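What follows is each chain in one-letter form.
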Amino acid sequence: MAGDMEEATAKGWNTGPLSYDISGATLLYVEDEADARNMVSRMLAMNYPKLKIFAAENGAVGLDLYREHTPDIVVTDINMPVMDGIRMSREIKSTNPEACIIAVTAHSDTSYLLNAIEIGVHHYVLKPINYEELFAVIDKILEQIVLKRLVGEVNQRIVESQMQLAMAQRIAHLGSWQWDLSDGSMNWSDEMYRICGFEPGAFEVTYQSFLDRFLEQDRETVKTAIKESIENRQPVGAVFCRIERSDGCQRILRLEAEVLLDGTGIPSLMIGTSHDVTELKEAEERIRLLTDELERRVIQRTSLLQASLRELESFSYVVSHDLRAPVARIEGFCQALLEECGDCPNPGCRQYAERTERVVKQIKHIIDAFNNLSHYARCRLVIEDVDLSLVAGGIAATFSQSEPERRVEFSIAPGLVVRGDRRLLQIALEHLLGNAWKFTSKKESSRIEFGRHDQEEGMVFFIRDNGAGFNMKYVDKLFKPFQTIHSPGEYTWDGTAIGLATVHSIILRHGGRIWAEGEVDRGATFYFTLEPNPEGGSFIEDPPTG
Amino acid sequence: MAEPCILLIEDNADDAFLASRIIRKIRAEKIVVVRDGEEATDLLLSMAEDGSCQLITLVFLDLKLPKMNGLDVLQAIRNNPKLQALPVLVLTSSDNDADQERCRGLGVIDYLFKPMTVDRLERALDKLKS
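None of the values given here were measured: they were computed from a predicted structure.

Parameters and conventions
Residues numbered from 1 in each chain as written. Chains lettered and ligands numbered in written order. Predicted model: local features only at pLDDT ≥ 70, side-chain atom pairs only at ≥ 80, totals over all residues. Helix = DSSP H or I, 4+ residues; strand = E, 2+ residues; numbered from the N terminus. Contact = placed C-beta atoms within 7 Å. Nonpolar A, V, L, I, M, F, W, Y, C, P; charged D, E, K, R; others polar. pLDDT = per-residue confidence, 0-100. Axes fitted to C-alpha atoms, helices over the stretch in contact; angles between N-to-C directions. Parallel < 35°, antiparallel > 145°, perpendicular 65-115°, else oblique. Pairing = 2+ DSSP bridges. Core = buried A, V, L, I, M, F, W, Y, C linked by C-beta atoms within 7 Å. Buried ≥ 20, exposed ≤ 12 C-beta atoms within 10 Å, placed from the backbone.

### Some thoughts on the overall build of chain A
For step 1, the next point in the chain: The helix and strand tally for chain A stands at 14 helices and 17 strands.
For step 2, the next point in the chain: In chain A, once contacts between residues fewer than 6 apart in sequence are set aside, the share between residues at least 24 apart is 61%.

In structure tokens:
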């Protein structure tokens, strides 16, 4: 036996690995002679290392193994005890007519052989086994098996991708079509039928029935686009057109197509897609209407804003001109009184004139404050990057130098850069830090902090002090001009209290918000936000001249 | 009008009274008060015509005037070769920066805020001398 194997190798049957992958393939070998069975099994294993081999000593065992494993190839002896090869083959064929059976026969088995052919045994190999012959037969069968398997897989893939395409078309409301230019026939995808309001394949399509789907007023556009596309051999690019479904409802399609040329460069086929974009177009239209409405509203609000700014403008003009004139008159008469009646024996005369003069100063102060305040609502903004940390640092340094005896710890977070008007933001911080400085003046050691929290609504800046604070019930008064919540003489007061109102106005001009928290004797915190990129310029195009 | 005079262009009687009161403390000329811009311009132009404008030593000009505002009056003065050297003092209660700039551009001695004081007037007139 060992000699046979050496001979086999020497003869070069095993001419290297097969050019195709047979992994997973199985073979059942049925032979009653133990030596022959072992020998052939070993030879098979050697020649086909990837082939799984089952061996059986007679037809009955072979049939059991076949039923258990359904091998791809059955190699069987004919003449065997218990159950011969013919009977086993017949049984196998009865359950699986496709089963591939190779009969190994001696010349004396000729009568059996006829039976074998009748059963449908495909191949036979004569005994004694010539391995070259056996392997050639097995190779051929394996090749067929692999090919069949490959075709099956490819078919499966095609079916899958067809299903996928149909599904995708359905989900996307995207129908596709082909138009054979040689015979005018058309082929629609299922979704194409559905888009047009029909059951898939409901009728035989022609180019004319395709055109008939479109509304009359759009039909010419479609026709022209397709005609030009064919003439110029250029794709039809995104034509929007309307179709009418059988139930009368209209849909909007986005049509695209490509021309395919035959071997001689003549247009032979047009492949196109029809995308139902009705909902998309309707949404677009809604957005357009909303945008228009929004724009109208913005224009309306802007003109309202301009109107009220103009009113403010003329009001400030009245205040600064028409009110100043009578005040100046009172002041003039006070002077006259003091000069001419200063020596009056009635001391009241002089005193009243002096008091009136002080009142006049107060009125002038209020006029100035009012004009300053309204200025921030009207003035032109110049937007640039502003490093609030640097600005705050400069203000803090100025305060510290002005009262070097005070012990105030400033904590200023670095790098707080924003977009805004440098001059106005400087004024706002001067007021906020100025308040903090003023209201911590009675503390042994004061601390003033400027920083930023990053919150959901954006960046929130804050200025916190540990000074006098305030009672939260007065919080609404804080940002109103000419109002103070501290009693006279408590802290220095210029008599107008427009500082926080000014800050409020500046923050508003920057599209922000300002609010405060405080507790008596524990300190106050002022928070503010700023629009990331506020609008520059002014709402009043040409300020009136006075 | 054969004697030197000071022209006070002022529509408000109280203001005219208060200004005259201060002017009289340091000046001896007769004070002629004109109550609107048009009247003032007509008077000045006719005085330019007959040469009597030589008699005007000083013009006090309010800016907010009926019919024709002070700036236009000032412009008319500067446009007339016989009047353009007239010393003009603006007397106003407006703090409008643009007005102030335009007045200075048209060569006024000073821009005085109401109410005028003797001190302020003297300082302004010192400028005229230098």
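### Brief notes about the interface of chain A and chain B
For step 1, the next point in the chain: Between chain A and chain B, the contact holds 12 residues from the first and 14 residues from the second.
For step 2, the next point in the chain: Here the residues of the side of chain A that touches chain B are counted per class, giving 3 nonpolar, 6 polar and 3 charged.

### A few points about the confidence of the model for chain A
For step 1, the next point in the chain: For chain A, the average pLDDT comes to 86, and 93% of its residues sit at 70 or higher.
For step 2, the next point in the chain: Confidence over residues 542-546 of chain A falls short of pLDDT 50; this stretch has 8 contacts with residues more than four positions distant or in other chains.

### Considering the packing of helix 2 (residues 37-50) of chain B against helix 3 (residues 70-79) of chain B
Residue and element names in this part refer to chain B.
For step 1, the next point in the chain: Helix 3 packs onto helix 2 with a crossing angle of 10° between their chain directions and a minimal axis gap of 9 Å. Judged by the inter-axis angle, helix 2 sits roughly parallel to helix 3. Of the residues in helix 3, those touching helix 2 at G37, A40, T41 and L44 are G70, D72, V73, A76 and I77.
For step 2, the next point in the chain: The residue makeup of the contact of helix 2 with helix 3, split by class, is 5 nonpolar, 3 polar and 1 charged.

### Points about the sheet that holds strand 1 (residues 5-9) of chain B
Residue and element names in this part refer to chain B.
For step 1, the next point in the chain: The strand order 2-1-3-4-5 describes an open sheet built from 5 strands, whose pairing is parallel. In the strand order of this sheet, the two ends are held by strand 2 (30-34) and strand 5 (110-113), each with one partner. Taking the axes of each pair of neighbouring strands and ignoring which way they run, one obtains an average angle of 25° across the sheet.
For step 2, the next point in the chain: Here strand 1 runs beside strand 2; their pairing, made up of 5 bridges, is parallel. Considered in strand 2, the bridge of I6 is made with I31.
For step 3, the next point in the chain: Strand contacts of helix 1 (residues 13-26): strand 1, strand 2, strand 3 (56-61) and strand 4 (88-92), with the helix running at about 150° to strand 1, the strand carrying the most contacts.

### Let's talk about the environment of A:H510
Residues and elements named next belong to chain A.
For step 1, the next point in the chain: On the secondary structure map, H510 appears in the loop between helix 14 (499-509) and strand 16 (514-519).
For step 2, the next point in the chain: Remark: the alpha-carbon pair of H510 and G420, spanning 90 residues in sequence, is separated by 6.7 Å.
For step 3, the next point in the chain: If near-sequence neighbours (up to four positions away) are discounted, H510 is found in contact with G420, L530, E531 and P534.

### Section: the nonpolar core
Residue and element names in this part refer to chain A.
For step 1, the next point in the chain: Judged by nonpolar contacts, the single largest core of 38 residues is most densely connected at L388, A392, L425, A428, L429, L432 and L433.
For step 2, the next point in the chain: Residue assignment for this core shows that the elements contributing at least two residues are helix 11 (347-378), helix 12 (388-402), helix 13 (422-439), strand 14 (446-455), strand 15 (458-465), helix 14, strand 16 and strand 17 (523-528).
For step 3, the next point in the chain: Counting residues per element, this core draws most heavily on helix 13, which supplies 9 residues.
For step 4, the next point in the chain: Setting aside residues no more than four positions away along its own chain, L432 makes contact with I463, V503 and F526.

### Notes on the sheet that holds strand 14 of chain A
Residue and element names in this part refer to chain A.
For step 1, the next point in the chain: Pairing within the open sheet is mixed, and its 5 strands lie in the order 12-14-15-17-16. At either end of the open sheet lies a strand with only one pairing partner, and these are strand 12 (408-412) and strand 16. Ignoring which end each strand starts from, the neighbouring axes of this sheet average 15° apart.
For step 2, the next point in the chain: With 5 bridges connecting them, strand 12 and strand 14 associate as parallel partners. What sits directly across from V408, in strand 14, is S446.

### Thoughts on the pairing of strand 17 of chain A
All names here are of chain A.
For step 1, the next point in the chain: Relative to strand 17, strand 15 runs antiparallel, the two being bridged by 4 bridges. By the bridge assignment, I463 is partnered in strand 17 with F526.
For step 2, the next point in the chain: Bridge count between strand 16 and strand 17: 6 bridges; the pairing is antiparallel. Paired with I514 across the strands is F528, a residue of strand 17.
For step 3, the next point in the chain: The turn linking strand 16 back onto strand 17 is made up of 3 residues, and D521 within it adopts a positive phi angle of 70°.

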